[in-house]
2 protein chains.
Amino acid sequence: MSELEQTLQLLRAALGDAAVLTGAAINPRHHSDWTRHAPACPAALLLPRDTAQVSAALRICNERGQSLVPQGGMTGLAGGAVPRAQDIALSLERLDGIEEIDTAAATMTVRAGTRLERIQQAAAEAGLLFPLDLGARGSCQIGGNIATNAGGNAVIRYGMTRDLVLGLEVVLADGRVLNLLNKMIKNNTGYDLKQCFIGSEGTLGVITRAVLKLAPPPGAQSTALCALPDYAAAVALLRRLQRRLGTPQAYELMWQDFYRLGVSWLETTQAPLAEDYPLYALFDSAATAEALQDALQGAFDDGEVIDAVIAGSQAQARQLWKIREATGEFPNRLQPLNFDVSLPIGRIGDFAERCRQRLDARWPGNRSVYFGHIGDSNLHLTVDCRSLPQPAPILEVEELVYTAVGEMAGSVSAEHGIGLLKREFLHHSVSPEALQVMRQLKLALDPRGILNPGKLFD
Amino acid sequence: MSELEQTLQLLRAALGDAAVLTGAAINPRHHSDWTRHAPACPAALLLPRDTAQVSAALRICNERGQSLVPQGGMTGLAGGAVPRAQDIALSLERLDGIEEIDTAAATMTVRAGTRLERIQQAAAEAGLLFPLDLGARGSCQIGGNIATNAGGNAVIRYGMTRDLVLGLEVVLADGRVLNLLNKMIKNNTGYDLKQCFIGSEGTLGVITRAVLKLAPPPGAQSTALCALPDYAAAVALLRRLQRRLGTPQAYELMWQDFYRLGVSWLETTQAPLAEDYPLYALFDSAATAEALQDALQGAFDDGEVIDAVIAGSQAQARQLWKIREATGEFPNRLQPLNFDVSLPIGRIGDFAERCRQRLDARWPGNRSVYFGHIGDSNLHLTVDCRSLPQPAPILEVEELVYTAVGEMAGSVSAEHGIGLLKREFLHHSVSPEALQVMRQLKLALDPRGILNPGKLFD
Ligand SMILES: Cc1cc2nc3c(=O)[nH]c(=O)nc-3n(C[C@H](O)[C@H](O)[C@H](O)COP(=O)(O)OP(=O)(O)OC[C@H]3O[C@@H](n4cnc5c(N)ncnc54)[C@H](O)[C@@H]3O)c2cc1C
Ligand SMILES: Cc1cc2nc3c(=O)[nH]c(=O)nc-3n(C[C@H](O)[C@H](O)[C@H](O)COP(=O)(O)OP(=O)(O)OC[C@H]3O[C@@H](n4cnc5c(N)ncnc54)[C@H](O)[C@@H]3O)c2cc1C
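Under an unreviewed UniProt entry, chain A has the name FAD/FMN-containing dehydrogenase and belongs to Pseudomonas panipatensis. The record held by UniProt for chain A lists under Sequence similarities (unreviewed entry) the comment "Belongs to the FAD-binding oxidoreductase/transferase type 4 family." Quoted verbatim from the Cofactor (unreviewed entry) field of the UniProt record, the comment on chain A reads "FAD".

Next up, the structure:
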């Protein structure tokens, strides 16, 4: 019997035959995630039902030196959940369900395999809000959100996933179960170990449960779209809104190229604002329409805003958001090479300029569009590969963009993580000493290196 | 020459004679902190001026196995900065100053020895707010605040120190300098290493610089004091305010015993509300007086509030706050044994009840008072040792309180940390597996155990 067969026999004995699948029994969605990177059928798929089974599986794999890839909803954009043929995949999908909503504490305790959308709905039913929100809400799992420290639409106001997690239960590589299921806002009793696992992309432990922080439900909101003269005005307007009206629920900046594209894809032909302004800011605010108008009048007077439209109805607000949501059409209408970078907020404008100049110099006629959640220091830029020489020089484009990011002290991954796809670019944002310490941490918690090998810095 | 003398010689060669003090040259404030715990003159005091000197000092001490205690402003309340006679103290006081305020990014880069008050002032001068605030602001250093993950007055709205730190520079035990000086809100490039050092009480590295997150300046605020029928009403009122007016700037709950004491110490004899209500909530809100009145009317109608007073002027608001600030008088007027615990928000009322009953059963006639930042899950309780048999059975009282905390899944330290004083109680809040992992982390980053030995779990 092969080494692998022996391992599978032990796993079947511990988890039951139905929880250990191989070959054609494995649904292809476990082969690769949204990146469609290096599809390979894993050596086996484990479907544990509870923490004890996860623990048993890890203990066995650790003893036998068998590598293991944790899998959530497989919606990751960095290839972190993609297995190699020799890996065993461990899916959390059967470890799902909401265990408790504590309305006094405003917390929810959930199993890691619970889908984000279900958590959002349960919070709303309890009269509260779980503010994490992203396009993959219907498929991604809270365990995957935590393992990638996902960002999404509400970061400017509520923070990253890290800021929404109060406690965790984690199974370590050797099968030890670490109970960090804290419910308190304040708890200074030694190292805050949960922080190690948030954003660690499945390389330090398997998350099995979490205590989430819920927020009061959001009230009504106003939506506005403003045309701006330059990038400095975009920052000034944001700071003005924060001072006058409180931090907006969202603040999305679109460069002219993006705005034109978004408008051209609208069903109506009428653009809400002319298309020849340098920049456009779209935001939601909890302020009343009058307070918003007041704040915008000040911004006009100071030259921060050239033109603006405030949505008069929910339908109009949705229409304005449609322009920003053109990104949802990218996979269908472009051949997009997407970047998810971050930079100190004041430098994003210069970065976009520098990046565009270098792309234009290297590949004249290329098409790139820029938009960002600048309040979070996050810029997304998309290059349409159809506008590049064929076959598209993807690695070269990436190297050009990430080099510019590194020069300006930015991050090669704002929210999607490193996974498989950005390993070779990590050095642009992480110092050699920091990389060393990451390896030390990995060695301390997973000395045999069984958890998600080949990812992150490995 | 003794081992110690050899070490000191190396240190003098690296840092200069003026930065290595011994014996009577050491100001006694470096002997012990506010806890007045086990005063001992350290074997030497180092006063490095920059990161390179900190690095040199640690490298030498690590090579020679010499233990080292990082010292900030010496205001800690858990004994974390207290040296033993064989330790060398390393004070950050000369490594101070503000390096940059980036108003676009809303960040400030500071050296670790900078006093909190100076940071608050510099932020205000730049039209921004650094929201961390606590009674020791004039003496404590930002490095100490970060090393203890300090809480303070504004946690309910702005979070703990952890939530205000974007980046760090840390010198590791072996002298390696770890540059984690990130300025971005979003940055998912591998493990978020800075989290390991925040709240680690000087046991994993010496913090030398930090990038802090600044907030928009706060607007005007209204202050109100409400009498409440029971603890459930206190939670309901808080949630109502959050829903209706946004999260208050502060929400302080006082039990009847505390309120009476606070009122009795006022210079005026007039209590703002009668003294026979079970509980009193004091809060600041950014809402207008009308909006506040509106929200309180709803609370009256629903029986959450029995009586209330809204401050009509700043002077009146200050007068209301004086009652809460009776805690500042505790050291002078009581013989206080202070607790800083946290519990799931819904259980704080029951905990206070349980704790009081057990104290009364064990020591009839003892005097204890209760007050808390319940929105942060934080309860402070103070036992007046003069009301206990003499000599006061301090350890027994602590064991009683912390046992009750453990039973209700609370934390023995909400914000002050473990240091020396709470080591033996840590097990009430931290599982054996978590303790094991903390030790693994310590071993990985400080294998020779030179950083702050004898503290936390050591
Ligand atoms: C349409 C779309 C929109 C998106 N929008 C955003 C966005 O706005 N912001 C953003 O940040 N991201 C976004 N993403 C990417 C985002 O990271 C993922 O959607 C999500 O957070 C990953 O969850 P998942 O359950 O699918 O994890 P997977 O893709 O299955 O796994 C992701 C990583 O986490 C690890 N992992 C998963 N579960 C666990 C666990 N229980 N324990 C330990 N490790 C685990 C895996 O090993 C892998 O490394 C988007 C993706 C899509 C497809
Ligand atoms: C009047 C008063 C009011 C207070 N109010 C509050 C409050 O409301 N909330 C609250 O949370 N705390 C409060 N505290 C306690 C609080 O923890 C400290 O005041 C402060 O955070 C510690 O800062 P410090 O510079 O004095 O640190 P120190 O007391 O010098 O040190 C504290 C710990 O941090 C370590 N340390 C210090 N500097 C560094 C560094 N640069 N690198 C690594 N480790 C370091 C030390 O080794 C020690 O373990 C109060 C204290 C006082 C005296």
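### Describing the overall build of chain A
Secondary structure summary: chain A contains 14 helices and 16 strands in total. In terms of overall size, chain A behaves like a compact globule, its C-alpha atoms giving a radius of gyration of 23 Å where 458 residues would be expected to give roughly 23 Å. Once the C-alpha set of chain A is aligned to its principal axes, its extents read approximately 75 × 55 × 45 Å. Relative to its full complement of 458 residues, chain A shows a buried share of 60%. Residue pairs at least 24 apart in sequence account for 72% of intrachain contacts in chain A once pairs closer than 6 positions are excluded. For chain A, the exposed area adds up to about 17000 Å²; of that, 49% sits on carbon and sulfur atoms. For chain A, the distance from the average position of its 42 positive side-chain charges to the average position of its 50 negative side-chain charges is 4 Å.

### Overview of the relation of the copies chain A and chain B
Rotating chain A by 180 degrees about the axis while translating it 0.0 Å along that axis superimposes it on chain B, leaving an RMSD of 0.0 Å. Here the transformation between the copies is reduced to the relation of a two-fold axis. Comparing interface residues between copies, 100% of those in chain A also lie at the interface in chain B; the contact surface is shared.

### With respect to the sheet that holds strand β6 (residues 107-111) of chain A
Residues and elements named next belong to chain A. If you walk across this open sheet you meet the 5 strands as β5-β6-β9-β7-β8, and the pairing is antiparallel. Looking at which strands have only one partner, the edges of the open sheet turn out to be β5 (98-102) and β8 (177-180). Neighbour to neighbour, the strand axes of the sheet diverge by 10 degrees on average, direction disregarded. Looking at chain direction, strand β7 (residues 165-171) and strand β9 (residues 206-213) are connected through 6 bridges and run antiparallel. Bridged to Leu168 within β9 is Ala210.

### Some remarks on the interface of chain A and chain B
Tallying the contact residues gives 75 residues for chain A and 76 residues for chain B. When the two sides are added together, the surface that chain A and chain B hide from each other amounts to roughly 5500 Å², 62% of it contributed by carbon and sulfur. In terms of surface lost to chain B, no three residues of chain A exceed Lys186(A), Asn188(A) and Tyr191(A), which account for 19% of the buried area on that side. Inspection of the region where chain A meets chain B yields 6 salt bridges. Across the salt bridge formed by Asp376(B) and Lys186(A), the nearest N and O atoms sit 3.2 Å from each other. Counting the contacts that link chain A with chain B gives 35 residue pairs in polar contact (both at pLDDT 80 or more). Of all elements in the fold, only β8, α6 (194-197), α7 (231-245) and α14 (432-445) of chain A reach the threshold of two or more residues within the side of chain A that touches chain B. When the residues that make up the side of chain A that touches chain B are grouped by side-chain class, the tally is 35 nonpolar, 28 polar and 12 charged.

### Some words on the site of ligand 2
All names here are of chain B. As a structural note, the neighbourhood of ligand 2 is formed by 34 residues, with Pro70, Gly72, Gly73, Thr75 and Gly76 the closest of them. Here Ile207 contributes a backbone N or O atom positioned 2.9 Å from a nitrogen atom of ligand 2. Relative to its free-state accessible area of 980 Å², ligand 2 is covered by the protein chains to the extent of 93%. For the shell around ligand 2, the class distribution of residues is 14 nonpolar, 18 polar and 2 charged.

### Section: unusual backbone geometry
Residues and elements named next belong to chain A. The step from Gln390 to Pro391 runs through a cis peptide bond, and the omega angle for that step is -10 degrees. For Pro391, the location among the structural elements is in the loop between β16 (378-384) and α13 (394-407). One non-glycine residue, Ala409, lies in positive phi territory at about 55 degrees. With respect to the secondary-structure elements, Ala409 resides in the loop between α13 and α14. Taking relative accessible area as the criterion, Ala409 reaches 48% and is therefore assigned partly exposed.

### Notes on the domain arrangement of chain A
When the parts of a complex come together, some accessible area is lost, and that lost area is often taken as the interface size. Split by domain assignment, chain A resolves into domain 1 (3-91), domain 2 (98-213), domain 3 (222-327) and domain 4 (334-416). Taking only C-alpha atoms, the centre of domain 1 of chain A and the centre of domain 3 of chain A are 46 Å apart.

### Things to note about the site of ligand 1
Residue and element names in this part refer to chain A. Lining the immediate environment of ligand 1, one finds 34 residues, of which Pro70, Gly72, Gly73, Thr75 and Gly76 sit closest. Separating an oxygen atom of ligand 1 from a side-chain N or O atom of Thr75 is a distance of 2.5 Å. In this structure, an oxygen atom belonging to ligand 1 sits 3.2 Å away from a main-chain N or O atom of Glu201. Within the complex, the protein chains bury 93% of what would otherwise be the 980 Å² of accessible surface of ligand 1. Put simply, the parts of the chain that give the shell around ligand 1 at least two residues each are β3 (68-71), α4 (142-148) and β9. In terms of residues, the shell around ligand 1 owes the most to one element, α4, which gives 5 residues.

Rules used throughout
Residues numbered from 1 in each chain as written. Chains lettered and ligands numbered in written order. Predicted model: local features only at pLDDT ≥ 70, side-chain atom pairs only at ≥ 80, totals over all residues. Heavy atoms only, no water. UniProt positions renumbered as here; feature names shortened; annotations may be inferred. Helix = DSSP H or I, 4+ residues; strand = E, 2+ residues; numbered from the N terminus. Rg over C-alpha atoms; globule rule 2.2 N^0.38 Å. Buried < 20%, exposed > 50% of the residue type's maximum accessible area, 1.4 Å probe, protein only. Contact = heavy atoms within 4.5 Å. Areas by Shrake-Rupley, 256 points an atom, 1.4 Å probe, with all protein chains shown as cover. Lys, Arg positive; Asp, Glu negative; His and termini not counted. Charge placed at Lys NZ, Arg CZ, Asp CG, Glu CD. Least-squares fit on C-alpha atoms with pLDDT ≥ 70 in both. Pairing = 2+ DSSP bridges. Axes fitted to C-alpha atoms, helices over the stretch in contact; angles between N-to-C directions. Buried area = accessible area lost by both parts, 1.4 Å probe. Salt bridge = Lys/Arg side-chain N within 4 Å of Asp/Glu carboxyl O. Polar contact = N/O pair within 3.5 Å; in protein donor to acceptor, adjacent residues only side chain to side chain. Nonpolar A, V, L, I, M, F, W, Y, C, P; charged D, E, K, R; others polar. Near = heavy atom within 4 Å. Domains from an automatic or database assignment.

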